[in-house]
Amino acid sequence: MRGPINEAGPGALGLPHRLAPITPAVYQEDPVFVLWCEALDELLGPIAAALDCFPAYLDPRLAPADFLGWLGGLVGLDPAELRAPADRLPELVADAVAAHDRRGTPAGVREAVARAARVPVEQVELEEPGGVVWARVAGAAAVPAAGGTVRVRVRASNAVDGAEVMAAARAAVPVQYQVRIEMVVES
């Protein structure tokens, strides 16, 4: 009988139990069956390793570099930020995960606008009218909620792109909510 197909053995790939030793003894006597089991061990090893390590794939600080782009997109990271240097990408994805938890909340809107305007969160004020909207008929469109105002205090020396700030605000507010941006320039 030949040795394992992979010299390192399927155990090195993460398969916790090889298939041939856990089958009935009568099957272990058949060399073709043992080779078939070894082939399955080699095929299933990487799958078992990926499943065993799946929590690490979901942690941006531990995930493989080629997985971070998908993970970042899943939590709403801006595609432009995905082109950041590889050493900075885990931090950006981790921040996006935390920001995703607050998406649609007043704190989340303030953070998104502050990041786009490149100002501290303390310089962003949010006035919201409150209230709830609904449709009288199931599946019908509801009338949009009354809009809120996001006021950003910026220094005259700061070059702030109003369109970028508005896009960040629109992406952060709930879909039925309308928002208005006011830029207050301080000297």
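Everything discussed here concerns the structure shown above.
Residues numbered from 1 in each chain as written. Predicted model: local features only at pLDDT ≥ 70, side-chain atom pairs only at ≥ 80, totals over all residues. Heavy atoms only, no water.

### Some points on the packing of aromatic side chains
Scanning all chains against the criterion turns up four aromatic pairs. Between Tyr-57 and Phe-67, the aromatic rings sit 5.2 Å apart at their centres with planes inclined by 80 degrees, giving edge-to-face as the arrangement. Separated by 10 residues along the polypeptide, Tyr-57 in helix 3 (residues 54-57) and Phe-67 in helix 4 (residues 65-74) bring together distant segments of the chain. Overall, the relative accessible area of 26% leaves Tyr-57 in the partly exposed class. Among the aromatic residues, those joined into a cluster by ring pairs are Tyr-27, Phe-33 and Trp-36. (Phe/Tyr/Trp six-rings, centres within 6.5 Å; stacked < 30°, edge-to-face > 60°. Helix = DSSP H or I, 4+ residues; strand = E, 2+ residues; numbered from the N terminus. Buried < 20%, exposed > 50% of the residue type's maximum accessible area, 1.4 Å probe, protein only.)

### What about the packing of helix 4 against helix 5 (residues 89-102)?
At their nearest, the axes of helix 4 and helix 5 sit 9 Å apart, and the two run at 25 degrees to each other. In this view, helix 4 runs roughly parallel relative to helix 5, as classed from their interaxial angle. Where helix 4 crosses over helix 5, the two elements pack in a sense that is left-handed. Where helix 4 approaches helix 5, its residues Leu-68, Leu-71 and Gly-72 are matched on the opposing element by Leu-89, Pro-90 and Val-93. (Axes fitted to C-alpha atoms, helices over the stretch in contact; angles between N-to-C directions. Parallel < 35°, antiparallel > 145°, perpendicular 65-115°, else oblique. Left-handed = near helix turned anticlockwise from the far one by under 90°. Contact = heavy atoms within 4.5 Å.)

### Here we look at the side chain of Arg-151
Take Arg-151: it is sitting in strand 2 (residues 145-155). We classify Arg-151 as buried; its relative accessible area is 19%. Among the polar contacts made by the side chain of Arg-151, one reaches the side chain of Glu-182 at a distance of 2.9 Å. Those residues in contact with Arg-151, other than ones at most four positions away along the chain, are Gln-123, Val-124, Glu-125, Glu-127, Glu-182 and Val-184. (Polar contact = N/O pair within 3.5 Å; in protein donor to acceptor, adjacent residues only side chain to side chain.)

### Structural notes on the nonpolar core
Most often, soluble globular proteins have nonpolar side chains that are buried together. Val-113, Val-119, Val-124, Val-150 and Val-152 are the most contacted members of the largest nonpolar core, which has 19 residues in total. Of all the secondary structure elements, the ones that give two or more residues to this core are helix 6 (106-117), strand 2, helix 7 (162-172) and strand 3 (177-186). The greatest single-element share of this core, amounting to six residues, is contributed by helix 6. Residues contacting Val-152, with those up to four places away along its chain left out, are Val-113, Ala-117, Val-119, Gln-123, Val-124, Val-165, Glu-182, Met-183 and Val-184. Listed in part, the 11 residues of the second largest apolar core include Phe-67, Leu-68, Leu-71 and Leu-89. (Core = buried A, V, L, I, M, F, W, Y, C linked by side-chain atoms within 4.5 Å.)

### Some points on the pattern of salt bridges
Taken as a whole and judged by the stated rule, the model has 10 salt bridges. Between Asp-41 and Arg-18 there is a salt bridge whose closest N-O contact spans 3.7 Å. Pair noted here: Asp-41 is in helix 2 (residues 31-52) and Arg-18 is in the segment before helix 1 (25-28), with a separation of 23 residues, a long-range link. A salt bridge links Arg-151 to Glu-125; its shortest N-O distance comes to 3.3 Å. Taken as a pair, Arg-151 in strand 2 and Glu-125 in strand 1 (residues 124-127) lie far apart in primary sequence, 26 residues in all. By relative accessible area, Glu-125 is classed as partly exposed at 31%. Beyond isolated ion pairs, a larger network of salt bridges with shared partners links Glu-125, Glu-127, Arg-151, Arg-153, Glu-182 and Glu-186. (Salt bridge = Lys/Arg side-chain N within 4 Å of Asp/Glu carboxyl O.)

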